[in-house]
Amino acid sequence: MKRSAGIWYVVIFILFVASIIWLLFIGKNLEPTGVVNSPSSGSVSASDHFLESFTAPLPILIIQIITIILVARAIGFLTGRIGQPLVVGEIIAGILLGPSFLGLIFPEFSSFLFPASSVINLQFLSQIGLILFMFIIGMELDVKVLKNQASAAVVVSHASILFPYFMGVVLAYFIYTEFAPDGVSFAAFALFLGIAMSITAFPVLARIIQERGLSKTPLGTMAITCAAADDVSAWCILAAVVAFVKAGNAISALYTLILAFVFVLFMLTFVRSLMKKIGSVYASREIFSKKVVGLVFIVLLASSYVAEIIGIHALFGAFLAGVIMPQNLAFKKIITEKIEDISLVLLLPLFFVTTGLRTEIGLLNDSASWVALLFVVLVAIVGKFGGASLASRFVGLNWRDALSVGVLMNTRGLMEIVIVNIGYDLGILSPEVFTMLVLMALITTLLTGPGLEIIDRTFSKVDFGAEVLSKIKTSFRIFISFGPSKMGSTLLRLADQLTLKHNKHISITALHITPSVDVKPYEAVLYEKEAFQPIKATAQLLGLKLETIYKNTEEVDKEIMSTVSAGNFDLVLVGAARTMFNTRATGGVLRQLLEEGETNICVLIDRGFVMAESILVLLGSEEDRSLLQYAHRFRSSNRARVTILKVGDGQSVNLHDKESSYYDLSSSFGEVIEQRIPDRQLLAHFNLIITSLSLWNEINEMRASWIKDCPSILVIKHHQDLFTDSDAKLLTERNKA
């Protein structure tokens, strides 16, 4: 049957192909005389046609996008390795692909890759990307922060706008004659330069605060609040300046501002209440439909359109559309995921390259230009850093936090690039001033990380005495690092059973890391809540005090190491993400911690651990006797049954040496067994196995099959004794009893 079906398929296929060829042949009789195969082919040869296809608009656009994404990601990765935000790498990538580098070194290739006729296509796509980006920035802005901000934050945010704005106007007075474009009034030039001096990159600042773990500190709260207020104020001022420039006179500008006020009021009342109702219903991915996404895009594009028609720029409309979106975190996250990848990864890098194509460092070809650049950078830093720092000190912050706020507020990043592009498009900024402001944005953003490091090092030396006092131990300190939220709860139960419940001075710190730097602040709130909810519930159930730390970084091992080093912990508990069966048993993230950690480290290979009731301690050498301390803690907390198993060469371990500090422990335990290879039937009677790191590595090198049948395993790297005075006293009393 199958064979006959195949034959019929071939017959029918041949029949139809032959019919098509026959119809094409007889159809030529219907053509009038002089008709050629292709009206546009002419006498172009096949090879010439193939070469022309390389320079056609669509292939050029595609190769441009591929090149831009590759270069932006590569430079962004390199700048990220030295602690700089991704936006720094993208700005540098744009400059490198422009006439300042590629056009200078490889002019022919640059003209092929970015022909003048193709720039309009890049600008169009980049503007769409900017509209989407500004919408996301508006969504990131927490309006509650602005509503509830303290008077101190108001003073600092306003000072960090007014002071640099004033200095920008002063700077304009000195450079207007030589660098302003022809036909541009001093008022327009000065007002726009003031905005360029006073802007702060809220998204970059928020990520720096988040990455440095400052989100919940007074410094972080102050900086975020000031930056949010600064962002809103600056964009409102920008809208007014754009309206003034486009209108041409004060009366027309006033008319534009009245329309803008009505538009903003309508968006903040009617549209916002509508979106709030939608957000309260469609807060789950399960019921989130394409109709809702379509409505969000309509609001975004309509807001951008109206803002552009009024004369306050489409980007302000996009920003406002983001602000009025529901504050529901789940709704925000769903919308952002649908927009962010296409805008940040694909379209936004195009904006940096179009900016780079406009940035011609070669235009600064005389001493006057470089002196002007120096003054632009100097005024930008002194105005923003000085204004924010002095205002922060005035409202009561100490010098360390005040200077840190100044450094953070001096971060300009992408927002500055957006502002100067608007000025360039409006004809307010000349190519020379445009180049100066782009370089200023890059320099001030680059200085943020090193500036914070310098402040930290300077004031750490001053506070050395306090730092030493803070490291004096007043409690038994345990550190937990976990990935899946369930593992965090499991490790906390393990910690509780290792703490000896008679000890009231227990300090437990839990760390959870999202292994990515592309996490939005409001996404971080969701991730943190989801990660710590189980472990916090377990802590409340067990009556334990728990401190939590949340970070997002791709360098997970370094973050864990730095936290452990700074915390002066007595015990570190981590969970193995997968069964550690490989030639290097402790590979991956755990390797550096186990090799370089200078404290006691326990790695739990979880196989349903709940409570250590029946424990098997594996001894392979004399050094493994330190594991008895951990078994003692389980026994004291849970009344666990402890059995000692001497494996391999450990059968010669002497547990009866009365001179040994472990004699009291070993004699207090029950059964001692000697087996070179553990019996699977024996392993079935236990719910936790304790082994040393060195013995665990030996077992893995032998690829012991019996490990697969084991219960949960606690792999321990012992560094220092766990015994405290209270432990020794309790043990002595129990032995006497």
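Before any of the text, the structure's been laid out above.
Right, let's walk through the structure included here. The shown structure was predicted, so the numbers you read here are calculated from the model rather than taken from an experiment.

### Quick look at helix α20 (residues 431-446)
Stage number 1. Compared with an ideal rise of 1.5 Å per residue, which puts 16 residues at 22 Å, α20 spans 23 Å between its outermost C-alpha atoms and is within 8% of the ideal.
Stage number 2. The element α20 is extensively covered by neighbouring structure, given that twelve of its 16 residues are classed as buried.

### Examining the pairing of strand β10 (residues 712-717)
Stage number 1. Counting buried positions along β10 yields six of six residues, so the element is predominantly enclosed.
Stage number 2. Burial along β10 is two-sided: S712, L714 and I716 facing one way and I713, V715 and K717 facing the other are all buried.
Stage number 3. Of the pairings in the sheet, the one linking strand β9 (residues 688-692) to β10 comprises five bridges and is parallel in character. For S692, the partnering residue across the bridge sits in β10 and is I716.

### Here's the deal with the pattern of salt bridges
Stage number 1. Scanning the model with the defined rule gives two salt bridges in all.
Stage number 2. In this structure, R358 and D425 form a salt bridge, with 2.5 Å as the shortest nitrogen-oxygen distance. Taken together, the residues R358 in helix α16 (residues 329-358) and D425 in helix α19 (residues 413-425) connect sequence positions 67 residues apart.
Stage number 3. E559 is the partner of K551 in a salt bridge, and the nearest nitrogen-oxygen pair spans 2.7 Å.

### Topic: the environment of F192
Stage number 1. By the secondary structure assignment, F192 is in helix α10 (residues 186-198).
Stage number 2. Between the alpha carbons of F192 and V241 there is a distance of 7.1 Å; along the sequence they are 49 residues apart.
Stage number 3. Here F192 is in contact with L238, V241, I419, I422, G423, L426, I428 and L429, once residues within four sequence places are set aside.

### Some remarks on the sheet that holds strand β7 (residues 641-646)
In a beta sheet, neighbouring strands pair by backbone hydrogen bonds and run either parallel or antiparallel.
Stage number 1. An order of β3-β2-β1-β4-β5-β10-β9-β6-β7-β8 is seen for the ten strands of this open sheet, with the pairing classed as mixed. Only two strands of the sheet have a single partner each, and these edge strands are β3 (546-552) and β8 (672-674). Pairs of neighbouring strands in the sheet enclose a mean axial angle of 20°, with direction left out of account.

### Section: the side chain of T79
Stage number 1. Relative to the helices and strands, T79 is located in helix α3 (residues 57-81).
Stage number 2. Relative accessible area serves as the criterion here: at 7%, T79 is assigned to the buried category.
Stage number 3. Aside from chain neighbours lying at most four places away, what touches T79 is Q84, P85, V88, G89 and I92.

### Focus: the packing of helix α7 (residues 119-140) against helix α15 (residues 314-323)
Each pair of packed helices can be described by the angle between their axes along with the distance between the axes.
Stage number 1. Put simply, α7 and α15 touch, their axes get as near as 6 Å, and they point 35° apart. Where α7 crosses over α15, the two elements pack in a sense that is right-handed. Seen from α7, the contacting residues are L130, I131, M134, F135, I137, G138 and M139; seen from α15, they are A314, L315, A318, F319, A321, G322 and V323.
Stage number 2. Tallied by class, the residues present in the contact of α7 with α15 amount to twelve nonpolar, two polar and no charged.

### Section: the nonpolar core
Stage number 1. Formed by 131 residues in total, the largest nonpolar core has its most connected members in W235 and L437.
Stage number 2. Examining the composition of this core, we find that 13 residues originate from one element, helix α12 (residues 218-247), more than from any other.
Stage number 3. What L437 contacts, discounting residues up to four positions off in sequence, is L193, A196, M197, V376, E416, V420 and L429.

### Remarks on the environment of A576
Stage number 1. Within the secondary structure layout, A576 lies in the loop between β4 (571-575) and α26 (589-596).
Stage number 2. In this structure A576 comes out as buried when scored by relative accessible area, which is 11%.
Stage number 3. Sequence separation between A576 and I605 is 29 residues; the distance between their C-alpha atoms is 5.3 Å.
Stage number 4. Dropping the residues within four chain positions of it, A576 is found in contact with M487, V603, L604 and I605.

### What to know about a nonpolar patch on the surface
Stage number 1. Together, F163, F166, V170, Y173, F174, F186, V371, F375, L378 and V382 make up an exposed nonpolar region whose accessible area comes to about 990 Å².
Stage number 2. When residues of the nonpolar patch are traced back to their parent elements, those giving at least two are α9 (151-179) and α17 (367-394).
Stage number 3. If one sorts the elements of the nonpolar patch by residue count, α9 sits on top with five residues.
Stage number 4. For L378, the position within the fold is in helix α17.

### Some words on the packing of aromatic side chains
In this description, an aromatic ring pair is defined by two values, namely the gap between the centres and the angle between the planes.
Stage number 1. Going through the model one piece at a time under the given rule, you end up with ten aromatic pairs.
Stage number 2. Here the basic side chain of R477 rests over the ring of F569, its NZ or CZ set 5.0 Å away from the ring centre.

### A closer look at the packing of α17 against helix α18 (residues 399-409)
Stage number 1. Interaxial distance between α17 and α18 falls to 7 Å at its minimum, and their mutual angle equals 145°. Of the two elements, α17 crosses α18, and the hand of that crossing is right-handed. Counted together, K384, F385, A388, S389, S392 and R393 of α17 and W399, A402, L403, V405, G406, V407 and M409 of α18 form the full contact between these two elements.
Stage number 2. The class makeup of the residues in the contact of α17 with α18 is eight nonpolar, three polar and two charged.

Rules of the game
Residues numbered from 1 in each chain as written. Predicted model: local features only at pLDDT ≥ 70, side-chain atom pairs only at ≥ 80, totals over all residues. Heavy atoms only, no water. Helix = DSSP H or I, 4+ residues; strand = E, 2+ residues; numbered from the N terminus. Expected span 1.5 Å × (residues − 1). Buried < 20%, exposed > 50% of the residue type's maximum accessible area, 1.4 Å probe, protein only. Pairing = 2+ DSSP bridges. Salt bridge = Lys/Arg side-chain N within 4 Å of Asp/Glu carboxyl O. Contact = heavy atoms within 4.5 Å. Axes fitted to C-alpha atoms, helices over the stretch in contact; angles between N-to-C directions. Left-handed = near helix turned anticlockwise from the far one by under 90°. Nonpolar A, V, L, I, M, F, W, Y, C, P; charged D, E, K, R; others polar. Core = buried A, V, L, I, M, F, W, Y, C linked by side-chain atoms within 4.5 Å. Patch = residues over 30% accessible without salt bridge, like charges linked within 9 Å, V, L, I, M, F, W, Y side chains within 5 Å. Areas by Shrake-Rupley, 256 points an atom, 1.4 Å probe, with all protein chains shown as cover. Phe/Tyr/Trp six-rings, centres within 6.5 Å; stacked < 30°, edge-to-face > 60°. Lys NZ or Arg CZ within 6 Å of the ring centre and 35° of its normal.

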